[in-house]
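Understanding the architecture of this molecule
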Amino acid sequence: MFKDWPEHTALVKKAFAQMGKDHPKMLQAYGALEQAAAAEALDAKTRELIAIAVAITTRCESCISVHAAAAVKAGATEGEIAGALATAISLNAGAAYTYALRAFEAAESQR
């Protein structure tokens, strides 16, 4: 096991709460973004599945921890989480492939 994820989630939430107390305007702005996302057509489970996929592409362990917990709470199944992660993995591979084309082009332009 990589981490004690429930403990990590609790630590992240505690630190986030403290940062919110120390910097309330920052927390209000962040909260406004979250409220705007929630006001759109996606349900909570779908938003959390997307958040987990984005979290692995950005390599944010705290995001993974918090959004995995929220996805499970929203009713996401293991299969749904796996599907979201597979999509993110596929997209990362695709992005690497398209950037490889740029690297070939950059190398070719130097010949």
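Residues numbered from 1 in each chain as written. Predicted model: local features only at pLDDT ≥ 70, side-chain atom pairs only at ≥ 80, totals over all residues. Heavy atoms only, no water.

With that out of the way, let us pick up the packing of aromatic side chains. Summed over all chains, the structure comprises one aromatic pair. Arranged with centres 5.3 Å apart and planes meeting at 70°, the rings of Phe16 and Tyr30 form a pair that is edge-to-face. Here the residue Phe16 occupies a position in helix H1 (residues 5–22), and Tyr30 occupies one in helix H2 (residues 24–39), the gap between them amounting to 14 residues. On the basis of relative accessible area, Tyr30 is assigned to the partly exposed category, the value being 41%. Positioned above the aromatic ring of Tyr99, the side-chain terminus of Arg102 is 4.8 Å from the ring centre. (Phe/Tyr/Trp six-rings, centres within 6.5 Å; stacked < 30°, edge-to-face > 60°. Helix = DSSP H or I, 4+ residues; strand = E, 2+ residues; numbered from the N terminus. Buried < 20%, exposed > 50% of the residue type's maximum accessible area, 1.4 Å probe, protein only. Lys NZ or Arg CZ within 6 Å of the ring centre and 35° of its normal.)

With that settled, consider the pattern of salt bridges. The tally for this structure, following the rule as stated, stands at three salt bridges. In this structure, Lys3 engages Glu61 in a salt bridge whose closest nitrogen and oxygen atoms are separated by 2.9 Å. In this pair, Lys3 sits in the segment before H1 while Glu61 sits in helix H4 (residues 61–73), placing the two residues 58 residues apart along the sequence. By relative accessible area, Lys3 is classed as partly exposed at 25%. For Glu80, the salt bridge identified is with Lys45, shortest N-O distance 2.9 Å. Residue Glu80 is located in helix H5 (residues 78–109), and its partner Lys45 is located in helix H3 (residues 44–58); the two are separated by 35 residues in the primary sequence. Residue classification places Glu80 among the partly exposed positions, given a relative accessible area of 29%. Taking relative accessible area as the criterion, Lys45 reaches 23% and is therefore assigned partly exposed. (Salt bridge = Lys/Arg side-chain N within 4 Å of Asp/Glu carboxyl O.)

A word on the UniProt feature "domain: Carboxymuconolactone decarboxylase-like" (unreviewed entry) in the protein chain. As annotated in UniProt, the feature "domain: Carboxymuconolactone decarboxylase-like" (unreviewed entry) corresponds to residues 24–105 in the numbering used here. Measuring from the first to the last C-alpha atom of residues 24–105 gives 47 Å, for a span that is 88% helix and 0% strand. (UniProt positions renumbered as here; feature names shortened; annotations may be inferred.)

In this fold, Ala86 is placed in helix H5. Through-space distance from the C-alpha of Ala86 to that of Asp43 is 20 Å; in sequence the pair is 43 residues apart.

Inspection of the secondary structure puts Ala69 in helix H4. By relative accessible area, which is 38% here, Ala69 ends up partly exposed. Considering only alpha carbons, one finds Ala69 and Trp5, 64 residues apart in sequence, at a separation of 8.9 Å.

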